[in-house]
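Residue-level structure breakdown
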Amino acid sequence: MTTELGHAASPPAHILGYAIRSRTRIYVSYIIPTCLALLVYMLQTSTDLALSYQHFRRHEPGYGAGTLVLVLLPPLLTYVLVLSSREQRSSATATRSKCMGCSLGLLQLLFFPFAVVYRFTMRLFWSVEALYHADDDVERMKCLGNVTQTSNIELYLLIQAYAQAAPQIILQMYHMLVQDIFRNYETTTLQSMCLVFAAIDLAGITTSYHRIESQRRVGRNYPWATPQQVEAQRCRLEQNERLCGEAERRKRESERSLATSFPQSEKIMANFHARQESGSQIDTSAVGSHELHVAGHDEVDNDAVEKLEIIAMLHPPTSTTAPGNVTDDDKMHQARPKLHLRREELKHLDSIEVLDTVPETPAPPPPPATAPAALPMLRLPTENDPPAAPDLRRTASDAEYRRSKRITRPLSQLETFKDMLLVNAQLYIKDHVPRPPKLLIGRVDEESNSDERTPLVVAQTPKGTPLTPKDVVDFYFPRPTKIVNGIQQDDFAGRTVAFFGWIAFITMRMLSLATFCVFYPRAFFIVVGVHYALMLAALALETRCRVSWSRCLFYLLLGYIYIFVLIELRVCFKSIRRWYISYLVLVLAENITMTAIWYGNEQFESWWFGFIWEWIVYSGVLFLATIVVYYCILRPKDVTLIVEEDEAPPQQSEQSVA
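Small disclaimer: the values here were computed from a predicted structure and weren't measured.

1. Digging into the overall build of the chain
Of regular secondary structure, the chain possesses 18 helices and twelve strands. Within the span of the chain, comprising 658 residues, buried residues form 33% of the whole. Restricting the contact set of the chain to residue pairs at least 6 apart, pairs at least 24 apart contribute 77%. Accessible surface computed for the chain: about 42000 Å², of which carbon and sulfur atoms make up 62%.

2. Things to note about the pairing of strand E12 (residues 638-644)
Along E12, six of the seven residues are buried, which leaves the element largely enclosed by surrounding structure. In terms of strand pairing, strand E11 (residues 481-487) meets E12 through seven bridges, oriented antiparallel. From the neighbouring strand, isoleucine 483 faces E12, where its bridge partner is isoleucine 642.

3. Digging into the side chain of aspartate 201
Looking at where aspartate 201 falls in the secondary structure, it is placed in helix H8 (residues 185-209). Here aspartate 201 occupies a buried position and makes no salt bridge, while the nearest side chain of opposite charge, arginine 495, is found at 11 Å.

4. Description of unusual backbone geometry
For leucine 16, which is not glycine, the phi dihedral falls at a positive 60°. Take leucine 16: it is sitting in the loop between strand E2 (14-15) and strand E3 (18-19). Phi angles above zero are rare outside glycine, and arginine 570 is one such case at about 65°. Take arginine 570: it is sitting in the loop between helix H16 (549-561) and helix H17 (576-601).

5. With respect to the pattern of salt bridges
Per the stated rule, a full pass over the model turns up ten salt bridges. Linking arginine 140 and aspartate 135 is a salt bridge whose minimum nitrogen-to-oxygen distance equals 2.5 Å. On the accessibility criterion, arginine 140 (0% relative accessible area) is buried. For aspartate 135, a relative accessible area of 44% corresponds to the partly exposed category. The shortest N-O distance in the salt bridge between glutamate 238 and arginine 234 comes to 2.3 Å. Of this pair, glutamate 238 and arginine 234 are both found in helix H10 (residues 227-261), four residues apart, which corresponds to roughly one turn of the helix. Of the residues examined, arginine 234 reaches a relative accessible area of 37% and is grouped as partly exposed. The network of salt bridges with shared partners includes Arg119, Arg123 and Glu154.

6. Points about H8
Residues that lie three or four places apart on an α-helix share one face, since the helix turns once every 3.6 residues. Here H8 is 25 residues long and its end C-alpha atoms lie 36 Å apart, about the 36 Å a rise of 1.5 Å per residue gives. Its side-chain oxygen at 3.1 Å from the backbone nitrogen of glutamate 186, asparagine 184 defines the N-terminal cap of H8.

7. Looking at the UniProt feature "transmembrane region" (unreviewed entry) in the chain
Within the UniProt annotation, "transmembrane region" (unreviewed entry) is assigned to residues 26-43, 63-83, 104-126, 492-511, 523-541, 553-573, 580-600 and 612-633. A helix fraction of 100% and a strand fraction of 0% characterise residues 492-511, whose end C-alpha atoms lie 29 Å from each other. Regarding residues 553-573, the helix share stands at 43% and the strand share at 0%, and the terminal C-alpha atoms are separated by 18 Å.

8. Side note on the nonpolar core
Counting residues in hydrophobic clusters, the biggest one holds 68 residues, and the most contacted among them are Tyr162, Phe505, Leu558, Tyr562, Val565 and Leu569. Those elements that place two or more of their residues in this core are helix H2 (61-84), helix H7 (152-178), H8, helix H14 (492-519), helix H15 (521-543), H16, H17 and helix H18 (608-634). Discounting residues that sit within four places of it in the chain, leucine 558 has contacts with Leu539, Ile567, Leu569 and Val571. Core analysis: the second largest hydrophobic core is formed by ten residues, Val71, Ala115, Phe120 and Ile153 among them.

9. Quick look at a nonpolar patch on the surface
The grouping of Leu104, Leu106, Leu107, Leu110, Phe111 and Phe114 at the surface amounts to a nonpolar patch, some 610 Å² of accessible area in total. Top contributing element to the nonpolar patch by residue count: helix H4 (residues 98-110), with four residues. Among the structural elements, leucine 107 can be located in helix H4. Note on leucine 107: relative accessible area 47%, which makes it partly exposed.

10. Here's the deal with the side chain of threonine 67
Summarising the element assignment, threonine 67 is placed in helix H2. Leave out the neighbours within four places in its chain, and threonine 67 touches Asp48, Ser52, His55, Gln168, Leu171 and Gln172.

11. Topic: the packing of aromatic side chains
For the structure on display, the rule yields 24 aromatic pairs. Seen in terms of ring centroids, phenylalanine 524 and phenylalanine 525 are 5.2 Å apart; in terms of plane orientation they differ by 75°. Their pairing is edge-to-face. Residue class for phenylalanine 525 comes out exposed when judged on its relative accessible area of 58%. On the basis of an interplanar angle of 10° and a centroid distance of 4.3 Å, the ring pair of phenylalanine 573 and tryptophan 579 is categorised as stacked. Classification of phenylalanine 573 as buried rests on a relative accessible area of 6%. Residue tryptophan 579 is classed as buried on the basis of its relative accessible area of 9%. Grouping aromatic residues by their ring pairs yields a cluster made of Phe519, Trp598, Tyr599, Phe609 and Trp613.

Reading guide: rules and limits
- Residues numbered from 1 in each chain as written.
- Predicted model: local features only at pLDDT ≥ 70, side-chain atom pairs only at ≥ 80, totals over all residues.
- Heavy atoms only, no water.
- Helix = DSSP H or I, 4+ residues; strand = E, 2+ residues; numbered from the N terminus.
- Buried < 20%, exposed > 50% of the residue type's maximum accessible area, 1.4 Å probe, protein only.
- Contact = heavy atoms within 4.5 Å.
- Areas by Shrake-Rupley, 256 points an atom, 1.4 Å probe, with all protein chains shown as cover.
- Pairing = 2+ DSSP bridges.
- Lys, Arg positive; Asp, Glu negative; His and termini not counted.
- Salt bridge = Lys/Arg side-chain N within 4 Å of Asp/Glu carboxyl O.
- Expected span 1.5 Å × (residues − 1).
- Polar contact = N/O pair within 3.5 Å; in protein donor to acceptor, adjacent residues only side chain to side chain.
- UniProt positions renumbered as here; feature names shortened; annotations may be inferred.
- Core = buried A, V, L, I, M, F, W, Y, C linked by side-chain atoms within 4.5 Å.
- Patch = residues over 30% accessible without salt bridge, like charges linked within 9 Å, V, L, I, M, F, W, Y side chains within 5 Å.
- Phe/Tyr/Trp six-rings, centres within 6.5 Å; stacked < 30°, edge-to-face > 60°.

Okay, structure coming up:
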């Protein structure tokens, strides 16, 4: 699947790849899910409370107390997590005192059903209000912003799914199966309703959070995030839009510069290739207008001398291009003669010595003032040997000069080599190393007010030296960027198919665990314990055990959640396919093994067990079918963000679940 630029801050504006209207998106993304979630929560809470009362009335205090504790446990855990989180405490006491913040949290704990209902009704109100505004209107955007406003109630709903709904299913299924054939009708009816609504709640929460960490990396917020975290995520999205716009602008400018700067590039290249081909086919036997015989001396490694004898022939210029297709290069080519050189041995021709290299040693210095007018003659001239011409270059200081030349010559060569290296390095840096724009680099003038601007980079000066304005330079270097990969949120079709898939998976998993617990309680706890240990080992291997103590405590809770379902929460899977395939293979092997053991070895006194076995098989087949459809057709698209790379990790990555 191709990766494209985008974000996961809001639900997608399409279904099955087809764009939908803004009003339709409000219905399928906000109004319908909110109404269904409100209905399920009210029915689930009321059913659990009524079932607890029914157990007490039937003189079953253990089941009644267990059912009531599971209802009261999620708000208590939410209150503790909010108080233990530094970000949540600072957000709660930002506009009010600490005492007022704790009192408000305690009221939400005591009257948690009313707080949840208020949360859902507020979301429903703003969703309906958004329908009365035009598309892309500012007021509509404000209404949708109020719908997606974060709250601690969302954290309670997440904890409720795995601390209340999941164990409630196991508890009530166990109570139903251990009863004899004559059961109480009212209790059985309430238990059936409790199982249905608990499974729906668990499947809905799992559908919303099963890939939330990959979505959070590219723009989505945790529903319980603080305003500071929401603002930081919004800044990342704006930064991504700015960087993407800058990259697109640079791409357009480069394409435009190629088209405008070289309008006749194809014609020029054609002429160049034509001259190359004609130059390679030049007849060297043609008569030249001038012929020079050159013998040159080329010094190699300052030691060996290579003698070359070449012939230079000057040919008159020839035109190889069409009259109407002449460029500036062609005119320059016609204005100067061509020089062709070839090496030959010319033993029978005279040669002219040409010094084609610069002398290595400089000219000797002038004779000093104390030097004599003429050097003494070593021998007298004769008839056969006339006196030689006076050596004007030879002075009394020649011996000293030749002696110093042996010492200074290697040093001058090293100096020349050093200068060549410096020049080459400067040219390479100028041509290949990018420099920041001139607007980003400026020196602070003496007239500028130093109080208005604070320099980002201050020149290093010794202690005790006054810092002058000339020593202060403002450097605004762009930060390095990185690519962050993630996925979009599911559209309406994807969420629907994923919801039914998780319903089938939860039904298969819960029926297998509850039924096996009825026949083999000790083996049930062994299987659950081994599964829990494997999940903790997988999390430790995924994170390389490089986490804080608070994160380790959260992973202990996450391992408990992995007993029932698999979600990507507070840990981003490096290989999502490997995780899901391994988890599904493990869970299917456990379910098939446990179901085969109790179905093949036990004698049933009721038709319930045969019915449960059929439901386990049908749920497994339905789950496999839905997961194939989801991952082959309805899987959300991969998206990327371009963000600036920070030195310190974000605060959101090291905080607790709250």
